[in-house]
Amino acid sequence: MNAISRRGFLGSIAAGGAAAMLPRTVLAQAGSTRGLTVHGDQFLLDGKPFQIISGAIHYFRIHPDQWRDRLSRLRALGLNTVETYVAWNFHEGHEFTGWRDLRRFITTAGELGLKVVVRPGPYICAEWDFGGFPARLLADRDLHLRCSDPAYTKEVDAWFGRLLPQLVPLQATRGGPVIAVQVENEYGSFGNDQDHLRHLADLLRGHGIDSLLFCSNGTADYMLRGGTLPGVLSTANFDGDPTGPLADLRRFQPQGPLWCTEYWDGWFDHWGEHHHTTDPANTTAMVDKMLAAGASVNLYMAAGGTNFEWYAGANYDEGHASYQPTVTSYDYDSPVSESGELTAKFTALRSVIGKYAPLPTGPLPVAPQRLSPQSFHTNGSAGLLDSLDRLSRPARRAAPVPMEDLGQSFGLVHYRARVQGPRSTATLRVTGLADRALVFLDGKPVGVLDRNTPKQGVAVTIGGSSAVLDLLVDTGGRVNFGQQLADRKGISGPVMLGGQALYGWEIRPLPLDDLDHLRFSTGAAPTGPAFHRASVRVDSPADGFLALPGWQKGLVWLNGFLLGRYWEVGPQRTLYAPAPLWRKGTNEVLVLELHRPGDHLELRDHPDLG
Ligand code: GLA
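Residues numbered from 1 in each chain as written. Predicted model: local features only at pLDDT ≥ 70, side-chain atom pairs only at ≥ 80, totals over all residues. Heavy atoms only, no water.

Could you give an account of the overall build of the protein, with specific residues and numbers?
Scanning the protein from terminus to terminus reveals 11 helices and 34 strands. Here the protein has a C-alpha radius of gyration of 25 Å; the compact-globule value for 610 residues is 25 Å, and the two agree. Referenced to the eigenvectors of the C-alpha coordinate spread, the extents of the protein come out at roughly 85 × 55 × 40 Å. Residues classed as buried in the protein amount to 61% of the 610 residues present. Restricting to contacts in the protein with at least 6 residues of sequence separation, those with at least 24 account for 79%. Per element, the accessible surface of the protein, about 22,700 Å² overall, is 51% carbon and sulfur. A distance of 3 Å separates the average location of the 57 positive side-chain charges in the protein from that of its 62 negative side-chain charges. (Helix = DSSP H or I, 4+ residues; strand = E, 2+ residues; numbered from the N terminus. Rg over C-alpha atoms; globule rule 2.2 N^0.38 Å. Buried < 20%, exposed > 50% of the residue type's maximum accessible area, 1.4 Å probe, protein only. Contact = heavy atoms within 4.5 Å. Areas by Shrake-Rupley, 256 points an atom, 1.4 Å probe, with all protein chains shown as cover. Lys, Arg positive; Asp, Glu negative; His and termini not counted. Charge placed at Lys NZ, Arg CZ, Asp CG, Glu CD.)

So what's going on with unusual backbone geometry? Residues and values would help.
Leaving glycine aside, a negative phi is the common case for residues, and trans is the common case for peptide bonds. A cis amide bond links glycine 121 to the next residue, proline 122, at an omega of 15°. One can find proline 122 in the loop between strand S6 (115-119) and helix H5 (150-167). That bond from tyrosine 300 to methionine 301 is cis: its omega, 0°, falls within 30 degrees of zero. Along the chain, methionine 301 falls in strand S11 (residues 296-303). We note that tyrosine 332 has phi near 65°; this positive angle belongs to a residue other than glycine. Among the structural elements, tyrosine 332 can be located in the loop between strand S13 (322-325) and helix H10 (344-353).

Could you give me a rundown of empty space enclosed by the protein, with the residues and numbers involved?
Inspection of the entire model under this criterion finds six cavities of 30 Å³ or more. Within this model, the largest cavity holds a volume of roughly 80 Å³. In terms of lining, the largest cavity is formed by 13 residues, of which the most central are Asp269, His275, Ser329, Asp331 and Tyr332. Within the lining of the largest cavity, the residues separate by chemical class into six nonpolar, four polar and three charged. (1 Å grid on protein atoms, 1.4 Å probe; cavity = no way out; pocket = protein on both sides within 12 Å on 5 of 7 lines; lining within 4 Å. Points joined across faces, edges and corners; volume = space filled by probe spheres on them. Nonpolar A, V, L, I, M, F, W, Y, C, P; charged D, E, K, R; others polar.)

A description of the UniProt feature "active site" (unreviewed entry) in the protein should follow, citing residues and the corresponding values.
Taking the UniProt record as the reference, the feature "active site" (unreviewed entry) is found at Glu186 and Glu262. Spanning 77 residues, the annotated positions come together in the fold, the maximum distance between their C-alpha atoms being 10.4 Å. Tracing the sequence through the fold places glutamate 186 in the loop between strand S7 (178-182) and helix H6 (194-206). Overall, glutamate 186 belongs to the buried group, its relative accessible area being 12%. The contact partners of glutamate 186, leaving out residues within four places of it in the chain, are Arg146, Ser216, Asn217, Gly218, Asn237, Glu262, Trp264 and Phe481. For glutamate 262, the location among the structural elements is in strand S10 (residues 259-264). Apart from residues lying up to four places away in sequence, glutamate 262 is in contact with Tyr85, Arg119, Asn185, Glu186, Ala236, Asn237, Phe238, Asn298 and Tyr300. (UniProt positions renumbered as here; feature names shortened; annotations may be inferred.)

Break down the sheet that holds strand S3 (residues 48-50) for me, with residues and values.
What the three strands build is an open sheet, ordered S1-S2-S3; its pairing is antiparallel. Every other strand in the sheet has two partners, leaving strand S1 (36-39) and S3 as the edge strands with one partner each. With direction set aside, neighbouring strand axes in the sheet form an average angle of 50°. Pairing between S1 and strand S2 (residues 42-45): four bridges, direction antiparallel. Looking at S2, one finds that threonine 37 is bridged to leucine 44. (Pairing = 2+ DSSP bridges. Axes fitted to C-alpha atoms, helices over the stretch in contact; angles between N-to-C directions.)

An account of the environment of aspartate 140 is requested, with residue identities and associated values reported.
On the secondary structure map, aspartate 140 appears in the loop between S6 and H5. Classification of aspartate 140 as partly exposed rests on a relative accessible area of 31%. Taking the C-alpha atoms as reference points, aspartate 140 and glutamate 404, 264 residues apart in sequence, are found 9.1 Å from one another. The residues touching aspartate 140, leaving out its near neighbours within four places in the chain, are Ala151 and Arg488. A distance of 2.9 Å separates the side chain of aspartate 140 from the backbone nitrogen of aspartate 142, its partner in a polar contact. (Polar contact = N/O pair within 3.5 Å; in protein donor to acceptor, adjacent residues only side chain to side chain.)

Please provide a residue-by-residue account of the sheet that holds strand S8 (residues 212-217), values included.
Around the barrel, eight strands lie side by side as S4-S5-S6-S7-S8-S9-S10-S11; this closed barrel has parallel pairing. Across the sheet, the mean angle separating the axes of adjacent strands is 30° when strand polarity is ignored. Bridge count between strand S5 (residues 81-85) and S6: five bridges; the pairing is parallel. Residue pairing in the sheet places threonine 84 in a bridge with valine 118 of S6.

Go over the site of the ligand, please, and point to the residues and values.
Taken together, 14 residues form the shell around the ligand, and within it Tyr85, Glu127, Glu186, Glu262 and Tyr332 come nearest. Between the ligand and asparagine 185, the relevant distance is 3.1 Å, taken from an oxygen atom to a side-chain nitrogen or oxygen of the residue. Between tyrosine 332 and the ligand, the recorded distance is 2.6 Å, taken from a side-chain N or O atom to an oxygen atom. If the ligand stood free it would expose 310 Å²; the protein chains cover 96% of that surface. (Near = heavy atom within 4 Å.)

Outline the pattern of salt bridges, listing residues and values.
The final tally for this structure, using the stated rule, is 31 salt bridges. Ionic pairing is found between arginine 73 and aspartate 69, a salt bridge with its closest N-O pair at 2.8 Å. Placement of the pair is arginine 73 and aspartate 69 together in helix H2 (residues 67-76), with a separation of four residues, close to one helical turn. A salt bridge links aspartate 221 to arginine 225, with the nearest nitrogen and oxygen atoms 3.1 Å apart. Placement of both aspartate 221 and arginine 225 in helix H7 (residues 221-227) is noted, with a separation of four residues, approximately one turn of the helix. Among the residues examined, aspartate 221 registers a relative accessible area of 44% and is labelled partly exposed. Given a relative accessible area of 43%, arginine 225 falls into the partly exposed group. (Salt bridge = Lys/Arg side-chain N within 4 Å of Asp/Glu carboxyl O.)

Structural data, given as structure tokens:
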């Protein structure tokens with residue numbers, strides 16, 4: 001008997017007395033026939049054979065007023081199931097209401113005839129800031145993520161204690177749509193702490209999750225071994241030809257249904273790299289191959305959505321020691337686009353899915369409505385450095401600390417120190433910078449420091465008896481994959497002028513979550529980082545795409561909601577502004593441009609992702 005069943009958490013898969021004791025054999029179901037169960041090499045749903053034809057859609061990436069629309073598009077694609085992660089940091093400090101009403105999302109899917117697979121992590125990867133972890137975990141230097149460390153376990157226990165009661169009543173074992181729940185996420189790509197995985201499975205069972213559990217991983221042997229648990233279904237994540245990966249999975253798990261829990265039908269983009277797309281015909285042929293082999297599949301993503309607000313994640317390329325921030329769009333080249341269009345990939349996939357499952361009858365959902373294009377100008381601005389007192393209160397520290405140490409989860413951080421002079425030219429360098437620092441001396445811009453070029457400094461000369469040094473730190477998303485997850489934002493190390501560390505800092509968290517106190521003036525726009533506001537009239541709300549030609553880097557709010565980051569390096573050129581965020585009549589667009597504003601903004605009727 002394995003540890004899970006010994007502790008009495010008998011799930012739907014761990015009750016078969018006669019099954020062979022192979023290391024990773026999924027035991028046959030005996031007893032209950034409700035919900036999703038395993039029988040030999042196939043799934044049964046309520047006792048009848050079931051092939052999971054699923055697609056990923058993240059409720060946290062789609063405005064809640066559009067959940068039903070997007071889910072009905074996925075049903076129209078022919079899917080019988082949808083899959084979502086749960087992003088812990090999205091729920092941190094909030095009730096399960098409004099955009100965070102996970103039960104409503106799942107119930108809506110159920111109403112449309114879709115089953116639901118839930119991946120509660122707590123680590124989710126997903127190109128989402130810090131893989132879904134709340135930033136405050138980074139304030140504890142002794143906490144080790146994703147292992148049996150007691151400090152981490154305590155946090156996870158508390159979070160699951162809040163989350164799982166939301167899910168328990170929605171399980172198919174109790175008449176709801178939830179058919180399966182994942183344990184951790186691709187754990188074998190990260191570590192080998194089996195006790196940790198077992199603890200998570202026990203937590204799920206202990207809170208009443210009696211649905212099928214699964215562990216999904218890449219198919220390298222060490223990943224499957226490190227990332228799975230005896231008695232829990234192993235599934236595989238991959239792209240391209242399914243033949244090899246499914247054979248790897250079969251070798252590892254000689255018995256049980258084959259399930260590709262992430263079939264990457266597209267991919268995400270980093271700032272400064274190219275836009276990723278995949279060929280619809282090829283993707284569809286591979287999905288056809290998988291379904292013909294009797295495997296179950298989850299298309300990752302089926303409807304990608306958007307990394308609104310500060311939630312885009314990042315990768316870290318260990319080989320090149322390079323930080324790679326993810327763009328605001330999470331379109332993913334998925335069959336249902338970021339703005340809800342049914343793409344060529346949708347059409348191709350639908351025709352294949354129709355071979356294996358009945359397609360819903362009736363017309364396909366119509367294309368979402370779009371606003372008419374227009375150009376508009378800003379009508380006021382407020383310099384950021386002039387507005388510091390309206391935005392935040394300073395903390396004083398001898399040495400610089402990152403935002404997490406000041407209780408800040410997202411945003412920018414401003415650091416100020418007075419440096420004695422006169423001083424001949426020396427190089428200013430920042431250790432532990434995440435991710436860029438705009439450097440000012442007595443209010444004048446003197447250069448930009450970048451995390452990816454740590455050796456490059458800025459030359460600083462102090463003519464008089466002292467000078468004020470300002471460092472405005474601009475942040476990308478936190479790393480969401482690999483061993484560099486503890487991606488604290490701001491400045492974590494010493495600021496060096498030549499060989500001397502600078503002390504005596506005034507640090508201002510800039511979460512930018514309350515911009516009501518800014519004072520805008522209409523004359524010439526200030527140089528350097530500044531807020532610029534504009535008004536746009538629309539006759540009736542619909543989807544729009546905001547472009548900032550000639551602007552360099554910053555953030556855009558629409559009627560107070562942060563749409564996300566823009567950056568002239570691309571590939572993304574427009575920001576999706578969904579219909580529910582617009583108002584009939586006048587709308588306020590607010591831009592924080594860090595460098596140099598363009599001379600106008602554009603509302604477009606089509607996306608440009610590069
Ligand atoms: C992995 C993760 C997902 C996502 C994809 C890439 O498979 O499990 O969360 O990060 O990679 O999009």
